[in-house]
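Remarks on the overall topology
So the chains spell out like this:
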Amino acid sequence: QVQLRESGGGLVQPGGSLRLSCVASGNILSIYSMGWYRQAPGKQRELVAASTSGGSTNYADSVKGRFTISRDNAKRTVYLQMNSLKPEDTAVYSCNADLLSGSSYTRYNYWGQGTQVTVSS
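Notes on the structure follow. Only a predicted model underlies this, so the values are computations on that prediction, with no experimental measurement involved. (Residues numbered from 1 in each chain as written. Predicted model: local features only at pLDDT ≥ 70, side-chain atom pairs only at ≥ 80, totals over all residues. Heavy atoms only, no water.)

1. Considerations on the overall build of the protein chain
Helices and strands together make up the secondary structure of the protein chain, namely zero helices and 11 strands. When the elements of the protein chain are put in sequence order from the N terminus, they spell out β-β-β-β-β-β-β-β-β-β-β. The C-alpha radius of gyration of the protein chain comes to 14 Å, within 12% of the 14 Å expected for a compact globule of 121 residues. Considering only C-alpha atoms, the protein chain reaches an extent of 45 × 25 × 25 Å along its principal axes. The proportion of buried residues among the 121 residues of the protein chain is 41%. Within the protein chain, contacts between residues at least 6 apart in sequence are counted, and of these 56% link residues at least 24 apart. Roughly 6,600 Å² of accessible area belongs to the protein chain as shown, and the carbon and sulfur atoms make up 44% of that amount. Taking the 12 positively charged and 7 negatively charged side chains of the protein chain as two groups, their mean positions are separated by 4 Å. (Helix = DSSP H or I, 4+ residues; strand = E, 2+ residues; numbered from the N terminus. Rg over C-alpha atoms; globule rule 2.2 N^0.38 Å. Buried < 20%, exposed > 50% of the residue type's maximum accessible area, 1.4 Å probe, protein only. Contact = heavy atoms within 4.5 Å. Areas by Shrake-Rupley, 256 points an atom, 1.4 Å probe, with all protein chains shown as cover. Lys, Arg positive; Asp, Glu negative; His and termini not counted. Charge placed at Lys NZ, Arg CZ, Asp CG, Glu CD.)

2. Quick look at the environment of Tyr79
With respect to the helices and strands, Tyr79 occurs in strand E8 (residues 77-82). In this structure Tyr79 comes out as buried when scored by relative accessible area, which is 15%. Along the primary structure Tyr79 and Gly8 are separated by 71 residues, whereas in three dimensions their C-alpha atoms are 9.6 Å apart. The contact partners of Tyr79, leaving out residues within four places of it in the chain, are Arg19, Leu20, Ser21, Trp36, Thr68, Ile69, Ser70 and Asp72.

3. Thoughts on the sheet that holds strand E1 (residues 3-7)
In spatial order, the strands read E1-E3-E8-E7; together these four strands make up an open sheet with antiparallel pairing. The open sheet has two free edges, formed respectively by E1 and strand E7 (67-72), since each of these has just one partner strand. Between one strand and the next, the sheet's axes are offset by a mean angle of 15 degrees, whatever the strand orientation. (Pairing = 2+ DSSP bridges. Axes fitted to C-alpha atoms, helices over the stretch in contact; angles between N-to-C directions.)

4. Some points on the pairing of strand E5 (residues 46-52)
Pairing between strand E4 (residues 28-39) and E5: six bridges, direction antiparallel. Pairing of Trp36 across the sheet is with Ala49, part of E5. Pairing geometry for E5 and strand E6 (residues 57-59), over three bridges, is antiparallel. Considered in E6, the bridge of Ser51 is made with Thr57. Between E5 and E6, which pair antiparallel and follow one another directly, the connecting turn spans four residues, one of which, Gly55, has a positive phi of 100 degrees.

5. With respect to the state of the cysteines
Such a bond, covalent and formed between the sulfur atoms of two cysteines, is termed a disulfide. If you walk through the whole model with that rule in mind, you get one disulfide. The residue that forms a disulfide with Cys22 is Cys95, at a sulfur-sulfur distance of 2.1 Å. Between Cys22 and Cys95 the sulfur-sulfur dihedral comes to about -80 degrees; the bridge is accordingly left-handed. Of this pair, Cys22 sits in strand E3 (residues 18-25) while Cys95 sits in strand E9 (residues 91-101); the two residues are 73 residues apart in sequence, bridging distant segments of the chain. There is no split in this pair, since Cys22 and Cys95 are both buried. (Disulfide = S-S within 2.5 Å.)

What follows is the structure in structure tokens.
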């Protein structure tokens, strides 16, 4: 059973920083990409940042220069360092992984349950 577990969310003041982590566990043969999405109340879910197994990354325009995604492939972990946070960054942040399951030999997108990030004074 593949699981993604996020941690690191919370309440932070504008201008502050948070670091999110997401660990993939279970019978996994290969992870192709890992990334972070967010959904604010009343809005659609959007891509925040993603990282491929080859090391390429892409970011939403709204977070470029403020957020950094990184991966530790040995630990099957993806991080999102968020700096200079703004109130508009408030959302539920969810981890996503495009991976090959070792039990079903199926490539599929898996999701974590999400972690709340609130930016407020």
